[in-house]
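Chains, contacts and geometry: an overview
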Amino acid sequence: MAGGITQVEYWNGEVGTRWARNQAVLDAMFEPLTEALFERAGLNPGATALDIGCGSGATTVEAARRVGAAGRVTGADISAPLLAVARARVGGEAPVSFVEADVEQADLGTFDAALSRFGVMFFPDSLRAFANIRRMLRPAGQLTFLCWRTLSENLWVQVPREAVLPLLPEVPLPPALDTPGPFRFADADGLGALLRNAGFGTVSCAALDRDVILGRGDTDAEAAAAAAHVALNLGPTSHLVREAEPDLRARAEAAVTEALIRHASGGAVRLRAACWLVQAG
Ligand SMILES: C[S@@+](CC[C@H](N)C(=O)[O-])C[C@H]1O[C@@H](n2cnc3c(N)ncnc32)[C@H](O)[C@@H]1O
């Protein structure tokens, strides 16, 4: 993992706190993708569901709305700061519970459905994790999740990244194969084989492309500045400048803003996000 730290340290450290602070921005940005996730998951009223790597709980709350009072949803995550945000956003009456647990190994009960919005790419041992998820599903239960396709197809990451790279003293090495990270499951064939090895009998991976809004403002310049802030603080480009000197950070912010303004119109920066919408049963 980044800098040799564990996933628990990563998501409970500065990154988790930053995500927790910016929960509303991220939820708004992922909205078109979330809609597609729920359409595919097809949660029935009265169902029990597990939200894997639920983060600050937007999808857990939406799942609870769909299963209704007769259902139950468990949101599981290893990040205490994100779970604190999640717990604060639900009233006591909602059929939701949040647990701090490692889904790779925890036994969280039995569910009709499991779902995840970008929360399944960070297991140190993916085979073990997906086998554990399969075990927690009833025989007819379905796992439905979103994960990213390649970096180059995800312009919301690629455009700011290309603007930052020329400023760095050295180009960062790509992550080693099959290590936790956002683009780990870009290869759908490999992902399908992994899920089948983990015990899933049927697997479908459908390409899902949506424009996401990286930043908004009263003017396109304001929108580009807001989008640069998101890219350099929250997105997969942020690790490139996280520990950079203030001078480099300032130059990166200027370069990314300049790159993003080319994608701004009507007070919003819109860029293509490319995912796999996966369902396995
Ligand atoms: C990219 S974030 C997505 C968060 C949330 N699903 C959302 O869409 O806002 C990935 C999440 O997976 C969680 N995570 C990573 N490894 C985990 C594990 N082994 N068990 C449970 N959650 C995990 C992280 O703490 C983080 O909240």
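Let me sum up the structure you'll find in this document. A quick note: this is a predicted structure, and the numbers were derived from the prediction, not measured.

The next thing to look at is the packing of aromatic side chains. Under the counting rule described, the total for this entry stands at 11 aromatic pairs. Ring geometry for Phe118 against Trp148: centres 3.9 Å apart, planes inclined by 5°, an arrangement best described as stacked. In this pair, Phe118 sits in the loop between strand S4 (111–117) and helix H6 (126–136) while Trp148 sits in strand S5 (residues 137–148), placing the two residues 30 residues apart along the sequence. In this pair, the class of Phe118 matches that of Trp148, namely buried. Consider the rings of Phe130 and Phe145, whose centres lie 5.8 Å apart with planes at 20°: the pair is stacked. With a gap of 15 residues between them, Phe130 in helix H6 and Phe145 in strand S5 connect regions that are remote in the sequence. Here Phe130 matches Phe145 in class, with each residue buried. Positioned above the aromatic ring of Trp276 is the side chain of Arg149, whose terminal nitrogen or guanidinium carbon lies 5.3 Å from the ring centre.

The next subject is the environment of Ala36. With respect to the secondary-structure elements, Ala36 resides in helix H3 (residues 23–41). Its relative accessible area of 9% is what places Ala36 among the buried residues. Linking Ala36 and Leu277, residues 241 residues apart in sequence, is a C-alpha distance of 8.1 Å. With residues near it in sequence (within four places) discarded, Ala36 still touches Leu208, Arg210 and Leu277.

Summarising the element assignment, Ala88 is placed in helix H5 (residues 80–88). Assessed through its relative accessible area of 67%, Ala88 is described here as exposed. As a C-alpha pair, Ala88 and Gly71 span 17 residues in sequence and 20 Å in three-dimensional space.

This part takes up the pattern of salt bridges. For the structure shown, the criterion picks out 13 salt bridges. For Asp27, the salt bridge is made with Arg89, and the minimal N-O distance between the two is 3.3 Å. Remark: Arg89 occurs in the loop between H5 and strand S3 (96–100) and Asp27 occurs in helix H3; sequence separation between them is 62 residues. Judged by relative accessible area, Arg89 falls into the partly exposed class, the value being 33%. Of the charged contacts in the structure, one is a salt bridge between Arg184 and Asp178, with a shortest N-O distance of 3.2 Å. Arg184 gets classed as buried once you look at its relative accessible area, which sits at 15%. By relative accessible area, which is 55% here, Asp178 ends up exposed. Through salt bridges with shared partners, a single ionic network connects Asp27, Arg89 and Arg117.

We now examine the environment of Val67. Relative to the assigned elements, Val67 resides in helix H4 (residues 58–67). As a C-alpha pair, Val67 and Gly217 span 150 residues in sequence and 36 Å in three-dimensional space. If we skip the residues at most four places from it in the chain, Val67 touches Leu43, Asn44, Pro45, Gly46, Ala47, Arg72 and Val73.

Another aspect to go through is helix H9 (residues 220–233). Compared with the 20 Å implied by 1.5 Å per residue over 14 residues, the 20 Å span of H9 between its first and last C-alpha is a close match. For H9, the full list of buried residues reads Ala223, Ala224, Ala227, Ala228, Val230, Ala231, Leu232 and Asn233. Elements in contact with the buried residues of H9: helix H2 (14–21), H3, helix H7 (155–164), strand S6 (203–216), helix H10 (246–261) and strand S8 (268–280).

If you check the shell around the ligand, you find 17 residues, and the closest are Gly53, Asp77, Asp102, Val103 and Arg117. At 2.7 Å from a nitrogen atom of the ligand is found a main-chain nitrogen or oxygen belonging to Gly53. At 2.5 Å from an oxygen atom of the ligand is found a side-chain nitrogen or oxygen belonging to Asp77. Here the ligand loses 97% of its free accessible area of 600 Å² to cover by the protein chains.

What counts and how
Residues numbered from 1 in each chain as written. Predicted model: local features only at pLDDT ≥ 70, side-chain atom pairs only at ≥ 80, totals over all residues. Heavy atoms only, no water. Phe/Tyr/Trp six-rings, centres within 6.5 Å; stacked < 30°, edge-to-face > 60°. Helix = DSSP H or I, 4+ residues; strand = E, 2+ residues; numbered from the N terminus. Buried < 20%, exposed > 50% of the residue type's maximum accessible area, 1.4 Å probe, protein only. Lys NZ or Arg CZ within 6 Å of the ring centre and 35° of its normal. Contact = heavy atoms within 4.5 Å. Salt bridge = Lys/Arg side-chain N within 4 Å of Asp/Glu carboxyl O. Expected span 1.5 Å × (residues − 1). Near = heavy atom within 4 Å. Polar contact = N/O pair within 3.5 Å; in protein donor to acceptor, adjacent residues only side chain to side chain. Areas by Shrake-Rupley, 256 points an atom, 1.4 Å probe, with all protein chains shown as cover.

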